[in-house]
2 protein chains.
Amino acid sequence: MNASPSGALAEYFERCQDRIDDALERLLRRAAAEDRLAAALAYAGLAKGKRLRPILVFASAQAVGANPDATLNAACAVELIHTYSLIHDDLPAMDDDDLRRGKPSLHKAFDDATAILAGDAMQALAFEVLSQPQEQLPASTQLQMIRTLAHAAGPEGMVAGQSMDCAASGQSLAENELEGTPQQLATAQQRLEDMHQHKTGALISASVKLGALCAKDVSAERLAALESFASHIGLAFQVRDDILDVEGDPAALGKPLGSDDRSDKITYVSLLGLGAARTRAVELADAARASLQPFSSAADNLREIASYIVAREH
Amino acid sequence: MNASPSGALAEYFERCQDRIDDALERLLRRAAAEDRLAAALAYAGLAKGKRLRPILVFASAQAVGANPDATLNAACAVELIHTYSLIHDDLPAMDDDDLRRGKPSLHKAFDDATAILAGDAMQALAFEVLSQPQEQLPASTQLQMIRTLAHAAGPEGMVAGQSMDCAASGQSLAENELEGTPQQLATAQQRLEDMHQHKTGALISASVKLGALCAKDVSAERLAALESFASHIGLAFQVRDDILDVEGDPAALGKPLGSDDRSDKITYVSLLGLGAARTRAVELADAARASLQPFSSAADNLREIASYIVAREH
């Protein structure tokens, strides 16, 4: 497994990142009718990110043999939703994080009001992009994409996950709970996975699904395989995040370690211990790759991404 | 003109309000995967509002002879966008308003994090509703509706207007500016109208346009007439708001008077004086009605709404 993408995967990532960065640049530079808002959108939207969700759109579309030209708007839309969610999550009223992508978070660089508005604007922009007329896709497919993304982003998806996270903050496991029955620990783990499946899993699944919708007539079997892949890498991503918060390199992460511990959060590491968390991450990545059995080598980038997710250093 | 809608208009308003309230109730009661978020969505979304924007969707659809069954999702979507914008605008980081629709604003009844998340969820829900399969409308029309609403809500529309409003806060007219040249006053009025055209005008125009999109093949002339109607009532609404902030009935408004003055905002009243502001509101309503010349009596509810907007007491 690769600690950071190398070789062919690194090249693939770079090509995808360039493509999405160019598109976001075009989109965000002309997007706002007010100067401060425009500057905030560019500051947060053009900061270098991993662009994992757009890459998943591209790689999933590749797996089902879709026209690559059909994918760009969907890739921009998922990244805009992801970026808006980071902006709002970083606010003092929520996670109160001062650093993001290696630089001051938006509300620190600007102010809280601008950060709220920039996030709001990005969400609207995501749906505007996704509703642009696009000759490669039937309008009914575009509607399905919008429905998929809106559902994943909304009160039954990502926002519910962030709300569960807020509700759970400060509810770390009591000592006696850590020594609790296997049943109690299983319940705590179930709650944690439920939160992550909403908070990050829903948008990761939507990214994979949007990629698949770029092709015509994908079979139900293949769609189910991609759904299973997405739900496994979504959790794997989160387990790896929890591990990195304990043993990562602050310079690579662009933020200090131990933030989960300080905010008294239940994590995979606090729940399972570091060793078992590492094992769980690898199991999840293996299961994700196994889900791709119905696919040929066209899904190799998806397979590589699963390995990368649990080995990444940031 | 009616101080509050009476007679036929009052009945029409009530029918529209019942229809939208029922639909929002169904939508918001089942919308959230987390309890506190669900309660917040119901608290803010089901509070009694004027429902002016949904009513404009219905009345505009009626003017162009659309199937009324096609209008409900669009009406819900505009109200969800409007309500989310109120929730976020009320936050301490923005206008810091403690009262809304006669009860504590959402962040006072819950907390800031929940208010941010509930607003975010409502915006996503608006686009989810608008992308539901609907047999009365071609998918391409639904896409056009989504594009219209997203553009009106986003960084070139409503959010830009709120950002302009934040930027202008505390920049009341200096004494010497009030005694300035007609040119200086005209520039200040132009800036004020530009802000309102984005902050409230964009969504009001979108409401009228969404109503019109519910019918097939509306002529360019009729669409232009509706656009003109919408932009005039949007400004008229705002002028009346500024007047009510000075001389309204706090009980009817559900909030104290003088909030503009306390936050040192430029308003139509501070700019023009109370008498001229009243005249301007009536002129705008007259111009809005005049725009509807190409329409038969099918547009009578729109005509009545224009009159109501500048005579309303809340």
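Residues numbered from 1 in each chain as written. Chains lettered and ligands numbered in written order. Predicted model: local features only at pLDDT ≥ 70, side-chain atom pairs only at ≥ 80, totals over all residues.

Our focus in this paragraph is the confidence of the model for chain A. Residue and element names in this part refer to chain A. Across chain A, the average pLDDT comes to 90, with 94% of residues at 70 or higher. For chain A, the element scoring lowest by mean pLDDT is helix α9 (residues 175-178), at 53; helix α3 (residues 52-63) scores highest, at 98. In the predicted assembly, ipTM is 0.93 and pTM is 0.94. (pLDDT = per-residue confidence, 0-100. Helix = DSSP H or I, 4+ residues; strand = E, 2+ residues; numbered from the N terminus.)

Right, let's talk about the interface of chain B and chain A for a bit. Facing 44 residues of chain B, the contacting portion of chain A comprises 44 residues. At the level of elements, α2 (35-45), α6 (112-130), α7 (139-153) and α8 (158-168) of chain B are the ones that each hand at least two residues to the side of chain B that touches chain A. No other element matches the eleven residues that α6 of chain B contributes to the side of chain B that touches chain A. Across the side of chain B that touches chain A, the residue classes tally to 26 nonpolar, eleven polar and seven charged. (Contact = placed C-beta atoms within 7 Å. Nonpolar A, V, L, I, M, F, W, Y, C, P; charged D, E, K, R; others polar.)

Glancing now at the packing of helix α10 (residues 182-213) of chain A against helix α11 (residues 220-247) of chain A. Residues and elements named next belong to chain A. Contact geometry of α10 with α11 gives a least axis separation of 8 Å together with a crossing angle of 135 degrees. The angle between the axes of α10 and α11 places the two elements in the oblique class. The hand of the α10/α11 crossing is right-handed. Across from Glu193, His196, Gln197, Thr200, Gly201, Ile204, Ser205, Val208, Lys209 and Ala212 in α10, the residues of α11 making contact are Leu223, Leu226, Glu227, Phe229, Ala230, Ser231, Ile233, Gly234, Leu235, Phe237 and Gln238. In terms of residue class, the contact of α10 with α11 is made up of ten nonpolar, eight polar and three charged. (Axes fitted to C-alpha atoms, helices over the stretch in contact; angles between N-to-C directions. Parallel < 35°, antiparallel > 145°, perpendicular 65-115°, else oblique. Left-handed = near helix turned anticlockwise from the far one by under 90°.)

The subject of this paragraph is the nonpolar core. Ranked by internal contacts, the top residues of the largest apolar core, which has 195 residues, are Leu149 of chain A together with Leu149 of chain B. Among all residues touching leucine 149 of chain B, those that are not within four sequence positions of it are Ala77, Val78, Ile81, Ala126, Leu130, Ala206 and Leu210 of chain B. (Core = buried A, V, L, I, M, F, W, Y, C linked by C-beta atoms within 7 Å. Buried ≥ 20, exposed ≤ 12 C-beta atoms within 10 Å, placed from the backbone.)

Taking 1.5 Å of rise per residue, 15 residues should cover 21 Å, and helix α7 (residues 139-153) of chain A covers 21 Å from first to last C-alpha, within 8% of that figure. Turning to α7 of chain A, its buried residues number three or more, namely Gln142, Leu143, Met145, Ile146, Thr148, Leu149, Ala150, Ala152 and Ala153 of chain A. Summarising the contacts, the buried residues of α7 of chain A are in contact with α4 (72-89), α6 (112-130), α8 (158-168) and α10 of chain A together with α6 and α7 of chain B. (Expected span 1.5 Å × (residues − 1).)

Before going further, it helps to spend a moment on the relation of the copies chain B and chain A. By a simple turn and slide, chain B fits onto chain A: the slide is 0.0 Å along the axis, the RMSD is 0.0 Å, and the turn is 180 degrees. This pairing of chains is accounted for by a two-fold axis. Relative to the rotation axis, the C-alpha of alanine 139 of chain B is the closest in chain B, positioned 2.7 Å from it. Both copies present the same face, since 100% of the interface residues in chain B are matched by interface residues at the equivalent positions in chain A. (Least-squares fit on C-alpha atoms with pLDDT ≥ 70 in both.)

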